[in-house]
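Residue-level structure breakdown
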Amino acid sequence: YGGMGLDFSYNIAVAEELGNIRCAGVPMAIGVQVGMATPALTRFGSHELKKQFLIPTIAGDFVACLGISEAGAGSDVANIKTTAVRKGNEYIINGGKMWITSGTQADWMCLLANTSEGPPHRNKSLICLPMNLPGIHVARKIDKLGMRSSDTAQIFFEDVRVPCKNLIGEEGKGFTYQMLQFQEERLWAVATALTSLETIIQETIDYARQREVFGQPVLHNQTVHFRLAELATEVELLRSLLLRAVALYVEGNDVTKFASMAKLKAGRLTREVTDSCLQFWGGMGFTSEVLVSRFYRDLRVMSIAGGTDETMLSIICKYMEVLPRK
């Protein structure tokens, strides 16, 4: 289908390198294309669907988006309300999606919708939805704190008709497919953050070395260089966890626990690094002229998108069996 046939570790190598881009919006948009909107189609889609949607997406001719989150259901995927009701050989889709990366320009959406009245974990399906169909309304481009180079949309569906053959895999398996995809999405997010964090720390070292306060460089204060050493150590620890998770995943293991731990740590560490480093830049850190202030805004979403910190903690607790059994 036009891919290189490499294993997932190469995705992570690419993600780390994309962290060299001096904003987080571009790596995130690429991540949606290669690690969020397409994995389920790649694993479970029919040959016809792959020809129609996957080949042009891999080639870069199509922009893909992932339609999961709604105004009342972000990390709580089971609570989505969008419906796809089967009538004859078509699904009729009604509802809406929120926080959709690349949603204003996407050619197709990997849509999660309720296709039956059954239990919330078994009534959902993934559907390849062309974004040029009647009844699809891109309501607005959302004005965000960060990631401003990546468009995020609110989208509504009103009696949108799509062929039943656009179903990815089996009906009712959409929630399961999406949970599998989250492993790759979260590991990709961690990888893109690593290089960014290293860059922030190094630029802060360089700036603090030449900026003088009270007759000496800021860097010469023990509290400053000790803090930067601590942060650099935390980044390396995060990289080790990521690489362990990726190695296990490539071998075919379930790495939900380790992916959740890495995502949790990345979300908290991006806040910690950007906040601490911005402080050492003083007044310059509060301007839009320096990289640390951009990453302070861009990387804040790491604790929210793709599953909040609190969701990651719940998953980790489940795998540690510390929660009461139902």
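In the nomenclature of an unreviewed UniProt entry, the chain is known as IVD dehydrogenase of Oriolus oriolus. For the chain, the Cofactor (unreviewed entry) comment in UniProt is given as "FAD". The record held by UniProt for the chain lists under Sequence similarities (unreviewed entry) the comment "Belongs to the acyl-CoA dehydrogenase family."

A few points about the overall build of the chain
When helices and strands are counted, the chain shows nine helices and 10 strands. Across the 326 residues of the chain, 51% fall into the buried class. Look at the contacts in the chain between residues 6 or more apart in sequence, and 75% of them connect residues 24 or more apart. As presented, the chain carries roughly 15,700 Å² of accessible surface, and 54% of it is formed by carbon and sulfur atoms. The averaged location of the 34 negative side-chain charges in the chain is 5 Å from the averaged location of its 34 positive side-chain charges.

Let's talk about the nonpolar core
Judged by nonpolar contacts, the single largest core of 48 residues is most densely connected at L187, I200, I201, L228, L242, V273 and C277. Those elements that place two or more of their residues in this core are α1 (8–18), α5 (174–210), α6 (222–250), α7 (256–280) and α8 (291–298). Counting residues per element, this core draws most heavily on α5, at 13 residues. With sequence-adjacent residues up to four places away left out, C277 is seen in contact with I200, I201, T204, L228, L231 and V292. Core analysis: the second largest hydrophobic core is formed by 24 residues, F53, C110, I168 and Y177 among them.

A look at the UniProt feature "domain: Acyl-CoA dehydrogenase/oxidase N-terminal" (unreviewed entry) in the chain
Following the UniProt record, the feature "domain: Acyl-CoA dehydrogenase/oxidase N-terminal" (unreviewed entry) maps to residues 1–61 here. Secondary structure across residues 1–61 divides into 67% helix and 0% strand, with the first and last C-alpha atoms of the span separated by 13 Å.

Focus on the environment of C23
Within the secondary structure, C23 sits in the loop between α1 and α2 (25–35). The buried category is assigned to C23, whose relative accessible area is 10%. Taking the C-alpha atoms as reference points, C23 and L299, 276 residues apart in sequence, are found 9.1 Å from one another. With near-sequence residues (within four places) excluded, C23 lies in contact with S149, R294, F295 and D298.

Overview of helix α4 (residues 47–59)
Over its 13 residues, α4 extends 17 Å from the first C-alpha to the last, a length consistent with the 18 Å expected when each residue adds 1.5 Å. The axis of α4 is deflected most strongly, by about 35°, at F53, and proline P56 appears within four residues downstream. Among all positions of α4, only L49, K50, F53, L54, P56 and T57 are buried. Those residues of α4 hidden inside the fold are in contact with α2, α3 (39–44), β1 (64–67), β4 (108–114), β5 (124–130) and β8 (167–168). Among the residues trailing α4, G60 stands out with phi positive, at a value near 90°.

Things to note about the packing of aromatic side chains
Applying the stated rule across the entire model yields four aromatic pairs. With a centroid separation of 5.2 Å and 70° between ring planes, the pair formed by F8 and Y249 is classed as edge-to-face. Residue F8 is found in helix α1, and its partner Y249 is found in helix α6; the two are separated by 241 residues along the sequence. For F8, a relative accessible area of 10% translates into the label buried. Ring geometry for F53 and W108: centres 5.3 Å apart, planes at 50°, overall tilted. Note that F53 is positioned in helix α4 and W108 in strand β4, a separation of 55 residues in sequence. Judged by its relative accessible area of 2%, F53 falls in the buried class.

Description of the pattern of salt bridges
The tally for this structure, following the rule as stated, stands at 16 salt bridges. Within the structure, one salt-bridge network assembled from shared partners comprises E16, E198, E236 and R239.

Remarks on the packing of α7 against helix α9 (residues 309–320)
Any two packed helices are characterised by how steeply their axes cross, that is the angle between the axes, and by the distance between the axes. Between α7 and α9, the least distance of the axes is 9 Å, while the angle of their chain directions is 145°. Between α7 and α9 lies a crossing of left-handed hand. On α9, the residues touching T256, K257, S260, M261, K263, L264, G267, R268 and R271 of α7 are D309, M312, L313, I315, I316 and Y319. The residue makeup of the contact of α7 with α9, split by class, is seven nonpolar, three polar and five charged.

Parameters and conventions
Residues numbered from 1 in each chain as written. Predicted model: local features only at pLDDT ≥ 70, side-chain atom pairs only at ≥ 80, totals over all residues. Heavy atoms only, no water. UniProt positions renumbered as here; feature names shortened; annotations may be inferred. Helix = DSSP H or I, 4+ residues; strand = E, 2+ residues; numbered from the N terminus. Buried < 20%, exposed > 50% of the residue type's maximum accessible area, 1.4 Å probe, protein only. Contact = heavy atoms within 4.5 Å. Areas by Shrake-Rupley, 256 points an atom, 1.4 Å probe, with all protein chains shown as cover. Lys, Arg positive; Asp, Glu negative; His and termini not counted. Charge placed at Lys NZ, Arg CZ, Asp CG, Glu CD. Core = buried A, V, L, I, M, F, W, Y, C linked by side-chain atoms within 4.5 Å. Expected span 1.5 Å × (residues − 1). Bend = angle between axes of the 7 residues up to and from the residue. Phe/Tyr/Trp six-rings, centres within 6.5 Å; stacked < 30°, edge-to-face > 60°. Salt bridge = Lys/Arg side-chain N within 4 Å of Asp/Glu carboxyl O. Axes fitted to C-alpha atoms, helices over the stretch in contact; angles between N-to-C directions. Left-handed = near helix turned anticlockwise from the far one by under 90°. Nonpolar A, V, L, I, M, F, W, Y, C, P; charged D, E, K, R; others polar.

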